[in-house]
Amino acid sequence: MAEKTDFEIAVINEVRKVRKSKGFSQDDLAMFLNLTRGFIGQIESPKFASKYNVNHLGILAKEMNCSPKDFMPDL
């Protein structure tokens, strides 16, 4: 199974930061993306290869009232 890259992990961490700062749960993200809460948990866990794609980030930005740029880490 392919591992997440450092950049993918950084993006996932930024999404988690925005999610928590705006008071959203993993269940909320799952609902926004029409995915399961378990899949969101896999995305946020370093043990699984699951990750967000560009479309996911666009949907999450719209639903969380922010910019997709907010999910990009400072490198």
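Residues numbered from 1 in each chain as written. Predicted model: local features only at pLDDT ≥ 70, side-chain atom pairs only at ≥ 80, totals over all residues. Heavy atoms only, no water.

Asker: Quick one: what's the story with the packing of aromatic side chains, residue by residue and with numbers?
Answerer: The way to describe two aromatic rings as a pair is by their centre distance and the angle between their planes. Going through the model one piece at a time under the given rule, you end up with one aromatic pair. When the centroid spacing of 5.4 Å and the interplanar angle of 75° are considered together, the rings of Phe-24 and Phe-32 count as edge-to-face. (Phe/Tyr/Trp six-rings, centres within 6.5 Å; stacked < 30°, edge-to-face > 60°.)

Asker: For a nonpolar patch on the surface, give the residues involved together with the corresponding values.
Answerer: A contiguous nonpolar surface patch, about 350 Å² in accessible area, is contributed by Phe-7, Met-72 and Leu-75. By secondary structure assignment, the location of Phe-7 is in helix α1 (residues 6–21). Look at Phe-7 and you get partly exposed, because its relative accessible area is 40%. (Patch = residues over 30% accessible without salt bridge, like charges linked within 9 Å, V, L, I, M, F, W, Y side chains within 5 Å. Areas by Shrake-Rupley, 256 points an atom, 1.4 Å probe, with all protein chains shown as cover. Salt bridge = Lys/Arg side-chain N within 4 Å of Asp/Glu carboxyl O. Helix = DSSP H or I, 4+ residues; strand = E, 2+ residues; numbered from the N terminus. Buried < 20%, exposed > 50% of the residue type's maximum accessible area, 1.4 Å probe, protein only.)

Asker: Residue-level account of unusual backbone geometry, with values.
Answerer: Trans is the prevailing form of peptide bonds, just as negative phi is the prevailing case for residues other than glycine. Phi is positive for Asn-34, which is not a glycine, with a value near 55°. Within the secondary structure, Asn-34 sits in the loop between α2 (26–33) and α3 (37–44). Residue Asn-34 is classed as exposed on the basis of its relative accessible area, which comes to 71%.

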